[in-house]
Amino acid sequence: MLLVDSHCHLDRLSYGSKQTSMADVLAKAAKLDVGYFLCVSVTQAQFPIMLEAIAPYPQVFASCGVHPLNQEPGVDAALLLTQGADDRVVAIGETGLDYFYSPENKEVQQASFREHICVARALNKPLIIHTRDAQQDTLQIMREEGADQVGGVLHCFTESLEMAQAAMEMGFYISISGIATFKNASALQEVVKALPLARLLVETDSPYLAPVPHRGRENEPAFVRDVAQFVADLRQISLAELADATSRNFFELFKLAKK
């Protein structure tokens, strides 16, 4: 059985306090059948540092982008194009819109989102999209900027089934995080049950959003097994079947071969 953590921030774990080392984090995950990881960039300044940190680990892939909540100093599109062209980068993002935490700078977020889609199209690489309380604008910008030409994933999905269906019609996958395991996530759980298995991914978004039964701890890639088990139970299928499908989806989306 093989599991993939399709979205984590390995460079942001608490090494030296809560974690020993990146090598140890990956080894703990491997013991639970988590064999591949996508380490996601959230600022351009930290991207080279992140890339250097994961360089020793061929099982870790990278993305580059500017998170919608990290808009100071904003996105440098020319630099994003250069960073995104690196062979180790398999996706552009994390980008998107977050009106829950930062509604006051909608226009800045929207402009950044459009730049990311433009770069993704130029490089022919899929997008990693964060969306919260911004369904209509997210889908509208995706349509206007041609996001369907490259596809991608709506990560850490918490929105409606209708939004998921609209994104899937544009060639996007839907990634489920530990939020689905929370007690107050009944609506999301219904969405998870309704999504086609051929479009599902699982993730941790570590070090954030640790799933049940690890609430209160720093999240880490090993915990993607808990997310996968929960999703499998929701859908009344085996963990092996869920793992096989989500891993296959990951490699197909990001056009990767297993190393």
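Remember, it's a predicted structure, so these values are computed and weren't measured experimentally.

Draft legend 1. Geometry of the overall build of the protein chain. When helices and strands are counted, the protein chain shows nine helices and eight strands. Seen through its C-alpha atoms, the protein chain measures out along the principal axes to roughly 40 × 40 × 35 Å. A buried classification covers 57% of the 259 residues belonging to the protein chain. Nonlocal contacts in the protein chain, meaning residues at least 24 apart in sequence, comprise 72% of its contacts between residues at least 6 apart. When the accessible surface of the protein chain is summed, it comes to about 10800 Å², and 50% of that surface belongs to carbon and sulfur atoms. If the 22 positive side-chain charges of the protein chain are averaged to one point and the 32 negative ones to another, these points end up 5 Å apart.

Draft legend 2. Molecular detail of the sheet that holds strand 1 (residues 3-8). Strand order in the open sheet made by the eight strands is 1-2-3-4-5-6-7-8, with parallel pairing throughout. Where the open sheet ends on each side, the last strands, each with one partner, are strand 1 and strand 8 (200-202). On average, each strand axis in the sheet is tilted by 30 degrees relative to the strand beside it, whichever way the strands run. The pairing of strand 1 with strand 2 (residues 34-39) spans four bridges and is parallel. Residue pairing in the sheet places Leu3 in a bridge with Val34 of strand 2. Its contacts with the sheet put helix 3 (residues 77-84) on strand 3 (60-64) and strand 4 (89-98), and the angle it makes with strand 4 is roughly 145 degrees. Helix 9 (residues 239-253) rests against strand 1, strand 2, strand 3, strand 6 (152-154), strand 7 (172-176) and strand 8 of the sheet, and its axis sits at about 100 degrees to strand 8.

Cut-offs applied
The residue numbering used here restarts from 1 in each chain and proceeds along that chain's sequence as written. Local features in this predicted model are restricted to residues of pLDDT 70 or higher, and side-chain atom pairs are both shown and tallied only at a pLDDT of 80 or more, whereas totals for entire chains, interfaces and linings draw on every residue. Based on all heavy atoms of the structure, the side-chain values leave hydrogens and waters out of the count. In DSSP terms, a helix is any run of H or I states spanning at least four residues, a strand is any run of E spanning at least two, and both are numbered starting from the N terminus. Three exposure classes are used, based on accessible area relative to the maximum for each residue type with a 1.4 Å probe and protein chains only: buried under 20%, partly exposed in between, and exposed over 50%. Two residues form a contact once any of their heavy atoms are found within 4.5 Å. Accessible surface is estimated by sampling points in the Shrake-Rupley manner with a 1.4 Å probe; for residues, cover comes only from the protein chains shown. Under this rule, positive means Lys or Arg and negative means Asp or Glu; His and the chain ends count for nothing. By convention, charge coordinates are those of NZ in Lys, CZ in Arg, CG in Asp, or CD in Glu. For two strands to count as paired, DSSP must find a minimum of two bridges between them. Under this scheme, a helix contributes an axis fitted over its contacting stretch, all axes are lines through C-alpha atoms, and angles between N-to-C directions fall in the 0 to 180 degree range.

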